Amino acid sequence: MPQKPKVAFFSFTCCEGCQLAVLSCEDELPEIIKDVNIVNFREAFDQRSEDYEIAFIEGSISRKDEIHKLKKIRAKARVVVALGACSSTGGLNCLKNLYPMEFVKKEVYGKNASRYPRFDTMPVKPVDAFIHVDHYIHGCPIPKKEFLSVFTSLLMGSVPVMANYPVCVDCKMAGNICVFEKGMTCVGPVTRAGCDAICVTYGCVCWGCRGFVDDPNVASHEETLKRYGMAHSEVIRSFNLYGERKMEPKAASMKSKTKCR
Amino acid sequence: MADKNQYRYLTKTGLKSLINGLMKDRVVYGAVKKDGFPAFGRITRFEDLELSQTPTHLSAKEFFFPQRECLLKFDIPTGAHEPVVASQGQAVIGLHPCDIHALNLMDKVFAHGTSDANYLTRRADTVIIGAECFPDEYCFCSSVETMNANAGFDIFLHEIKSGFLTHTGTDAGRHLLGKLTKTVKASASRIKELDRLKKKKEGAFKTRLNAPAKDLPGIYAQSSDSPVWGKIGAICYGCGSCNNVCPTCCCFDVKDEVGANLKDGLRVRVWDGCTLEDFAKVAGGHNFRKTRAERLRHRFNRKFRYLTDKFNALFCVGCGRCSRACLVKINIAQVTNELIAESTITKNR
């Protein structure tokens with residue numbers, strides 16, 4: 001019998017909510033551990049191993065020592081999957097980048113923060129700013145079903161499918177009335193779907209946690225938001241909650257991604 | 001138009017008996033209000049039903065061609081597989097004439113070639129009760145010959161002041177009306193009231209196409225290089241909302257979903273849309289319709305030309321849902337009127 005693939009989960013700057021989302025697959029995990037050996041999973045157990053084939057990485061990169069750890073993982077793993085918004089696009093952590101690093105350090109660790117090297121920090125970046133990422137699971141947090149779909153695809157040897165259409169599709173599929181019709185605004189028309197429009201379905205709006213689709217019509221959405229009464233600065237803010245998104249309109253053939261600068 | 005002698009008068013209480021009767025042995029869906037907007041939804045009490053004058057948010061296609069459905073169950077180690085046709089006795093209440101025309105078109109598509117058991121079984125299991133409507137600023141059914149429906153429903157309701165005038169399209173409809181409720185022959189004055197309402201509706205359209213319906217395929221055939229496509233392509237999101245709200249858009253994707261045990265799985269089909277970026281992308285990454293302009297041109301041609309050539313009917317029923325749902329205000333009637341203005345067909349007339 002061939003050896004079971006070894007799978008490791010790693011965590012960088014984040015709330016570890018995406019690891020929790022994996023742990024919440026209670027019905028499927030007993031089946032999954034028949035197929036693989038999970039060798040690193042901080043949210044679930046203490047033991048660690050340096051020997052693995054598939055690495056799921058959650059969290060964004062916000063410190064220099066994290067870059068070193070990240071590169072070590074890439075060197076060992078055959079497949080690297082970015083797990084969740086922080087890892088894939090930089091996520092909410094990128095809000096930090098709007099301020100000078102000395103300011104955020106003091107804000108969090110007090111006025112003497114600069115005296116201690118362990119409080120050193122840098123502008124937040126997604127993991128693919130430093131290493132090659134093979135597959136992405138978007139979302140804050142990740143949807144369970146997307147994790148399972150990527151996981152089973154990897155084990156079956158097929159290419160995991162990532163949704164490349166705006167949240168409007170998921171919203172219409174869910175039968176939701178458009179938030180714009182209800183007098184609110186959202187960034188769904190330029191945001192990658194795959195979430196079943198869960199936020200809108202439960203009465204909220206889309207904040208864009210999954211980043212841009214491959215070819216977003218940003219200029220058009222900027223116009224729409226203004227038409228619905230938003231000032232330019234508000235438009236920028238609504239685009240930037242989950243990672244600073246480039247605002248220039250893109251040519252149809254170019255890939256545009258939500259990325260921390 | 002129904003024969004005048006065919007109209008039967010049904011009171012509002014009579015409608016309640018009909019709906020309650022249907023609910024006894026069927027799942028009933030109908031026009032409801034969702035967040036204050038007209039939509040289709042499950043009816044569990046007669047009071048849930050809120051017949052709307054203007055089109056619902058999504059069309060009724062989901063009751064025959066759901067957003068997501070299982071087509072096949074399979075087991076990898078043994079290779080065993082079995083088709084899944086999930087259907088139940090159901091009734092859908094409150095389809096407008098455009099929706100009924102759309103359903104008739106979908107019937108043609110899903111019966112064409114290898115017939116689609118899932119769709120056709122659901123269609124056969126469904127009682128359709130149509131309802132009269134009144135146009136809003138986006139409706140233009142009077143320009144595409146779908147303002148009245150003669151077939152494709154079991155019972156049709158025309159609301160008048162004191163209740164409803166009904167006519168039936170099938171024996172099943174006549175049977176249900178007789179069995180579940182009471183109707184009387186419509187009086188001349190009530191039929192006159194209906195005529196007045198119909199005239200009022202005909203005069204109320206704010207949106208009209210500036211060419212006869214039969215000219216539209218030819219006009220679209222001339223429009224491939226029109227500057228209109230670039231103009232609307234520039235503002236389009238490629239969000240597929242026009243596809244998803246359209247009552248005749250019926251493209252789908254088929255995916256295999258394998259369970260966590262890596263043994264059993266489901267083959268599912270989900271709605272797809274030709275305005276989405278990956279719709280015409282093939283193995284190797286080539287995309288046959290890379291730009292939004294090309295994808296919009298394709299969608300519009302599907303409504304007014306390609307399928308018309310194949311099935312001899314326009315595939316736009318004038319419900320205006322795509323224009324209503326479009327956040328950047330791409331309006332199917334305006335676009336068509338721009339193409340009509342550019343065309344030589346109308347000028348030579």
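Cut-offs and rules
Residues numbered from 1 in each chain as written. Chains lettered and ligands numbered in written order. Predicted model: local features only at pLDDT ≥ 70, side-chain atom pairs only at ≥ 80, totals over all residues. Heavy atoms only, no water. Domains from an automatic or database assignment. Contact = heavy atoms within 4.5 Å. Buried area = accessible area lost by both parts, 1.4 Å probe. Salt bridge = Lys/Arg side-chain N within 4 Å of Asp/Glu carboxyl O. Helix = DSSP H or I, 4+ residues; strand = E, 2+ residues; numbered from the N terminus. Buried < 20%, exposed > 50% of the residue type's maximum accessible area, 1.4 Å probe, protein only. Expected span 1.5 Å × (residues − 1). Bend = angle between axes of the 7 residues up to and from the residue. Polar contact = N/O pair within 3.5 Å; in protein donor to acceptor, adjacent residues only side chain to side chain. Nonpolar A, V, L, I, M, F, W, Y, C, P; charged D, E, K, R; others polar. Phe/Tyr/Trp six-rings, centres within 6.5 Å; stacked < 30°, edge-to-face > 60°. Lys NZ or Arg CZ within 6 Å of the ring centre and 35° of its normal. Axes fitted to C-alpha atoms, helices over the stretch in contact; angles between N-to-C directions. Left-handed = near helix turned anticlockwise from the far one by under 90°.

**Some words on the domain arrangement of chain A**
Residue and element names in this part refer to chain A.
At step 1: Each assigned domain of chain A is listed with its residue range as follows: domain 1 (6-156) and domain 2 (167-248).
At step 2: A straight line from the C-alpha centre of domain 1 to that of domain 2 covers 25 Å.
At step 3: Opposite the 13 residues of domain 1 that make contact, domain 2 presents 12 residues.
At step 4: With both chains or domains summed, domain 1 and domain 2 bury close to 1000 Å², and 55% of this area falls on carbon and sulfur atoms.
At step 5: Three residues stand out in domain 1 for area buried against domain 2, namely Leu 92, His 138 and Lys 145, and they jointly supply 34% of the buried area on that side.
At step 6: Our count for the domain 1 to domain 2 interface comes out at two salt bridges.
At step 7: A salt bridge links Asp 196 to Lys 145; the nearest nitrogen and oxygen atoms lie 3.1 Å apart.

**Some points on unusual backbone geometry**
At step 1: A cis geometry characterises the amide bond from A:Cys140 onward to A:Pro141, with omega recorded as -5 degrees.
At step 2: Looking at where A:Pro141 falls in the secondary structure, it is placed in the loop between β5 (135-137) and α6 (144-156).
At step 3: If you check the backbone angles, B:Asp35 has positive phi at about 50 degrees while not being a glycine.
At step 4: The residue B:Asp35 is located in the loop between β2 (27-34) and β3 (37-42) in this model.
At step 5: Residue classification places B:Asp35 among the partly exposed residues on the basis of a relative accessible area of 47%.
At step 6: Despite not being glycine, B:Asn312 has its phi angle at roughly 60 degrees, a positive value.
At step 7: The residue B:Asn312 is located in the loop between α9 (292-311) and α10 (321-325) in this model.
At step 8: Its relative accessible area of 70% is what places B:Asn312 among the exposed residues.

**Structural notes on α9(B)**
Residues and elements named next belong to chain B.
At step 1: The end-to-end C-alpha distance of α9, which contains 20 residues, comes to 26 Å, matching closely the 28 Å that a straight helix rising 1.5 Å per residue would cover.
At step 2: Arg 302 marks where α9 bends most, by close to 65 degrees.
At step 3: Downstream of α9 by a residue or two, Asn 312 has a phi angle that is positive, lying close to 60 degrees.

**Structural notes on the interface of chain A and chain B**
At step 1: Of the residues lining the interface, 35 residues belong to chain A; the matching set on chain B comes to 34 residues.
At step 2: When chain A packs against chain B, the two sides together hide about 3000 Å² of surface, and 59% of this comes from carbon and sulfur.
At step 3: Contact with chain B buries surface across chain A, with A:Lys172, A:Met173 and A:Ile177 losing the most and accounting together for 22% of the total.
At step 4: There are two salt bridges connecting chain A and chain B.
At step 5: A salt bridge links A:Asp215 to B:Arg292; its shortest N-O distance comes to 3.3 Å.
At step 6: One can count 14 residue pairs in polar contact (both at pLDDT 80 or more) joining chain A with chain B.
At step 7: Secondary-structure elements contributing two or more residues to the side of chain A that touches chain B are α2 (29-35), α6, α7 (167-173) and α9 (218-227) of chain A.
At step 8: Here the side of chain A that touches chain B is composed, by residue class, of 17 nonpolar, eight polar and 10 charged.

**A closer look at the packing of aromatic side chains**
At step 1: Under the criterion given, the structure shown has 25 aromatic pairs over all chains.
At step 2: Centroid distance A:Phe180 to A:Tyr228: 4.9 Å. Interplanar angle 75 degrees. Geometry classified as edge-to-face. Of this pair, A:Phe180 sits in the loop between α7 and α8 (198-201) while A:Tyr228 is found in the loop between α9 and α10 (232-240), placing the two residues 48 residues apart along the sequence.
At step 3: With a centroid separation of 6.0 Å and an interplanar angle of 35 degrees, the aromatic rings of B:Phe65 and B:Trp271 are classed as tilted. Of this pair, B:Phe65 sits in the loop between β3 and β4 (68-75) while B:Trp271 sits in strand β12 (residues 264-271), and the two are 206 residues apart along the sequence.
At step 4: Taken together, the ring pairs connect A:Phe9, A:Phe41, A:Phe45, A:Phe56, A:Phe147 and A:Phe151 into an aromatic cluster.
At step 5: It is B:Arg123 that lies over the ring of B:Phe64; its NZ or CZ is 5.9 Å from the centre.
At step 6: Directly above the ring of B:Tyr9 sits B:Arg190, whose terminal nitrogen or CZ lies 3.6 Å from the centroid.

**Regarding the packing of helix α7 (residues 227-235) of chain B against α9(B)**
Two quantities define a packed helix pair, namely the angle between the helix axes and the distance between the axes.
Residue and element names in this part refer to chain B.
At step 1: Interhelical geometry of α7 versus α9 gives an angle of 115 degrees and a closest axis separation of 8 Å. Note on packing geometry: the crossing formed by α7 with α9 is right-handed. Contact residues: α7 offers Trp 229, Gly 230, Ile 232 and Gly 233, while α9 offers Arg 292, Ala 293, Leu 296, Arg 297 and Phe 300.
At step 2: Of the residues in the contact of α7 with α9, the class split is five nonpolar, two polar and two charged.

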